[in-house]
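An overview of the molecular structure
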Amino acid sequence: DVKVTQSSRYLVKRTGEKVFLECVQDMDHENMFWYRQDPGLGLRLIYFSYDVKMKEKGDIPEGYSVSREKKERFSLILESASTNQTSMYLCASSRGSGAPMGFFGPGTRLTVL
Amino acid sequence: AQTVTQSQPEMSVQEAETVTLSCTYDTSENNYYLFWYKQPPSRQMILVIRQEAYKQQNATENRFSVNFQKAAKSFSLKISDSQLGDTAMYFCAVLMNTGNQFYFGTGTSLTVIP
């Protein structure tokens, strides 16, 4: 069974804290994505990575950074968490050739107080 | 960036009836894939059905089928014989052939009424 895992299902942090969200996939996929999901706004792309150490900004990168040191792991970093970053964060991966298909992790619900 | 539009924020259907969810998209690419994902309440996003843009034949997966109109850039999902377990948020998505551009609509919340 293919699998995308995320380090936490629920996370509560304080304003100003540095927050790390981890995503790991076991499918040897080249591409990995971070989205945030908010009611009425759907899934908005924060960052994606198409290879180790490579990253591209999505539609809403402000306030976030990412790291991909190994192919299977893609981390989302909130340098200084703010209350407007309270959201559901979804990680996804897809292969870069052939017939790509997106697989999702279970999501991390982050609350910033 | 590609755009994906789901114009129906909420829909409901009686159990055992048929419902169609709409999706339109905009891309200048020729090689891409279209997906419908289902997200049950508080549960993980799962793939419902997938369509390759180069295939004219509409994809079917048990009670789920699509109506793919490439020229119109339309990709609707038909759910036949609706079941209570179909209650979920449904997202339409476009993924480019390279796998590194993956865009979603805003979702349609479907409720199946007993």
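Residues numbered from 1 in each chain as written. Chains lettered and ligands numbered in written order. Predicted model: local features only at pLDDT ≥ 70, side-chain atom pairs only at ≥ 80, totals over all residues. Heavy atoms only, no water.

What about the overall build of chain A?
Within chain A one finds 0 helices and 11 strands. Going from the N terminus to the C terminus, chain A shows its helices and strands as β-β-β-β-β-β-β-β-β-β-β. Taking 13 Å as the expected radius of gyration for a compact globule of 113 residues, we find that chain A reaches 13 Å, a close match to that expectation. Dimensions of chain A along its principal axes, counting C-alpha atoms only, are 45 × 25 × 25 Å. For chain A, the residues scored as buried account for 49% of the 113 residues in total. Of the contacts made within chain A by residues no fewer than 6 positions apart, 55% connect residues no fewer than 24 positions apart. Here chain A has roughly 5,400 Å² of accessible surface; of this, 50% comes from carbon and sulfur atoms. (Helix = DSSP H or I, 4+ residues; strand = E, 2+ residues; numbered from the N terminus. Rg over C-alpha atoms; globule rule 2.2 N^0.38 Å. Buried < 20%, exposed > 50% of the residue type's maximum accessible area, 1.4 Å probe, protein only. Contact = heavy atoms within 4.5 Å. Areas by Shrake-Rupley, 256 points an atom, 1.4 Å probe, with all protein chains shown as cover.)

Considering the pairing of strand β5 (residues 42-51) of chain A
Consecutive residues of a regular strand have side chains that alternate between opposite faces of the sheet. Residue and element names in this part refer to chain A. Counting buried positions over the 10 residues of β5 gives 7, a clear majority of the element. With 7 bridges joining them, strand β4 (residues 31-38) and β5 adopt antiparallel strand pairing. Considered in β5, the bridge of Trp34 is made with Tyr47. The loop that links β4 with its antiparallel partner β5 comprises 3 residues; one of these, Gly40, has a positive phi angle of about 80 degrees. With 3 bridges connecting them, β5 and strand β6 (residues 54-57) associate as antiparallel partners. Residue pairing in the sheet places Tyr47 in a bridge with Lys57 of β6. (Pairing = 2+ DSSP bridges.)

A short note on the sheet that holds strand β8 (residues 73-78) of chain A
Residue and element names in this part refer to chain A. Ordered by their spatial adjacency, 4 strands build an open sheet running β1-β3-β8-β7, and the pairing between neighbours is antiparallel. Of all the strands in the sheet, the pair left with one neighbour each is β1 (4-6) and β7 (64-70). Each neighbouring strand pair of the sheet contributes to a mean axis angle of 20 degrees, computed without reference to strand direction. (Axes fitted to C-alpha atoms, helices over the stretch in contact; angles between N-to-C directions.)

Some remarks on the interface of chain B and chain A
With 23 residues of chain B at the contact, the number on the chain A side is 28 residues. Of the roughly 1,800 Å² buried between chain B and chain A on both sides combined, carbon and sulfur atoms contribute 57%. When residues of chain B are sorted by the area they lose upon contact with chain A, Gln44, Asn100 and Phe102 of chain B head the list and together hold 27% of the total. If you look at where chain B meets chain A, you find 0 salt bridges. For the pair chain B and chain A, the number of links is 4 residue pairs in polar contact (both at pLDDT 80 or more). Broken down by secondary-structure element, the contributors of at least two residues to the side of chain B that touches chain A are β5 (32-39), β6 (46-52), β10 (88-96) and β11 (102-104) of chain B. Broken down by element, the residue count for the side of chain B that touches chain A peaks at 4 residues, all from β5 of chain B. (Buried area = accessible area lost by both parts, 1.4 Å probe. Salt bridge = Lys/Arg side-chain N within 4 Å of Asp/Glu carboxyl O. Polar contact = N/O pair within 3.5 Å; in protein donor to acceptor, adjacent residues only side chain to side chain.)

Geometric descriptors of this kind do not, in isolation, establish any biological role.
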